[in-house]
Amino acid sequence: MPRAVRVEFAGAVYHVMARGNERREVFRDEKDRERFLETVAEAVERFGLLVHAYCLMPNHYHVIVETPRGNLSQAMAWLQTTYTVRFNRRHRRSGHLFQGRYKAQLIEADGYAQELVRYIHLNPVRSRGRPVVIAADRAGELDRYWWSSHRDYGGWRRAPGWLSTNWLRYWGRRRAEAQREYRKWMRSAFGGLVASPWEKLRGGLVLGSERLWETAKKALRGKAGLEDRLWLQQHQQRDAQEHVRQLAAGEDWRVQLWMRVRLGGEKMLRIGSRAGVSRWQRGRPGYQTS
């Protein structure tokens, strides 16, 4: 399996998710969940992490983590390995616990903190299909769910020392006000559709502005891994093709075709299949409409 692309720099913020091997449970009971959070607390202390939000589900977990030291890979390797050893020892098993490597998307807090926190905290009650629907009668169930940071954000309990609730500032300047507005924000999701933030994900890696997108590509240019280079080449080419499409907009279809093929490097057959063959054939000798 190819190694996942990782972008690391000081102060980066990530959404991290990992599933159990073969989608099996990674938390069998409350003791496992407590042990995982204890391990997270140790990782915060050991690697200087800032954990902004989390949600534990039976066969996977979500965590939003900031890395002031730019050490995500090191921290997550320690966290998952340490928890796996503890889980295996407790349940008298051996082998992998998690399915491959964890997923990590680079995110821009100022633009997506509220949306992402809500999406993660809604995990215990949201539908699994598309579009995502939140049943109106499940709000109380979410408020009672113990194994996420939802109750910490909403003010129903005091947050543990390892959990940073600094992101409450996105809902208000004062803590009580922010908690009140956060609760209203969460309630507004029930009885309707909730857009997935991943629809805005760029390159399978970045949830943020053009500036963060460029920062990610710059960080990858100095990496030697084959997967990193291939990802960078692919998305640099896509950026160039999009720029050419914008330049060609409004031109005669022949000029557009020439620019996209010669300047953007696109394949003529692919353009035809995506844009509709008739669009590129219209006006050619022998072309007839049905």
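The following paragraphs examine the structure supplied in this document. Here the structure is a predicted model, which is why all the values come from computation and not from measurement.

Examining the overall build of the protein
Helices and strands together make up the secondary structure of the protein, namely eleven helices and seven strands. Look at the contacts in the protein between residues 6 or more apart in sequence, and 67% of them connect residues 24 or more apart. Surface exposure of the protein reaches about 16,000 Å², of which carbon and sulfur atoms provide 48%.

Some thoughts on the sheet that holds strand β7 (residues 206-207)
Taken in spatial order, the five strands make up an open sheet running β2-β3-β1-β4-β7, and their pairing is mixed. The sheet is open, and its two edges are formed by β2 (50-57) and β7, each paired on a single side. Across eight bridges, strand β1 (residues 12-19) lies against strand β3 (residues 60-67) in antiparallel orientation. Residue Y14 lies in a different strand from β3, and its bridge partner there is V65.

Focus: the packing of aromatic side chains
For the structure shown, the criterion picks out 13 aromatic pairs. For the pair F27 and F36, a centre-to-centre distance of 5.2 Å together with 70 degrees between the ring planes defines the contact as edge-to-face. For F36, a relative accessible area of 3% puts it in the buried group. With centroids separated by 6.0 Å and ring planes inclined at 50 degrees, the aromatic side chains of Y83 and F87 adopt a geometry described as tilted. A residue pair is termed a helical-turn pair when its members lie 3 or 4 positions apart in one helix, as Y83 and F87 do in helix α2 (residues 72-91) at four residues. Classification of F87 as buried rests on a relative accessible area of 1%. Taken together, F27, F36, Y61, Y83, F87 and F98 form an aromatic cluster joined through their ring pairs. Its guanidinium or amino end placed over the ring of W146, R157 lies 4.9 Å from that ring's centre, counting from NZ or CZ.

So, how was this worked out
Residues numbered from 1 in each chain as written. Predicted model: local features only at pLDDT ≥ 70, side-chain atom pairs only at ≥ 80, totals over all residues. Heavy atoms only, no water. Helix = DSSP H or I, 4+ residues; strand = E, 2+ residues; numbered from the N terminus. Contact = heavy atoms within 4.5 Å. Areas by Shrake-Rupley, 256 points an atom, 1.4 Å probe, with all protein chains shown as cover. Pairing = 2+ DSSP bridges. Phe/Tyr/Trp six-rings, centres within 6.5 Å; stacked < 30°, edge-to-face > 60°. Buried < 20%, exposed > 50% of the residue type's maximum accessible area, 1.4 Å probe, protein only. Lys NZ or Arg CZ within 6 Å of the ring centre and 35° of its normal.

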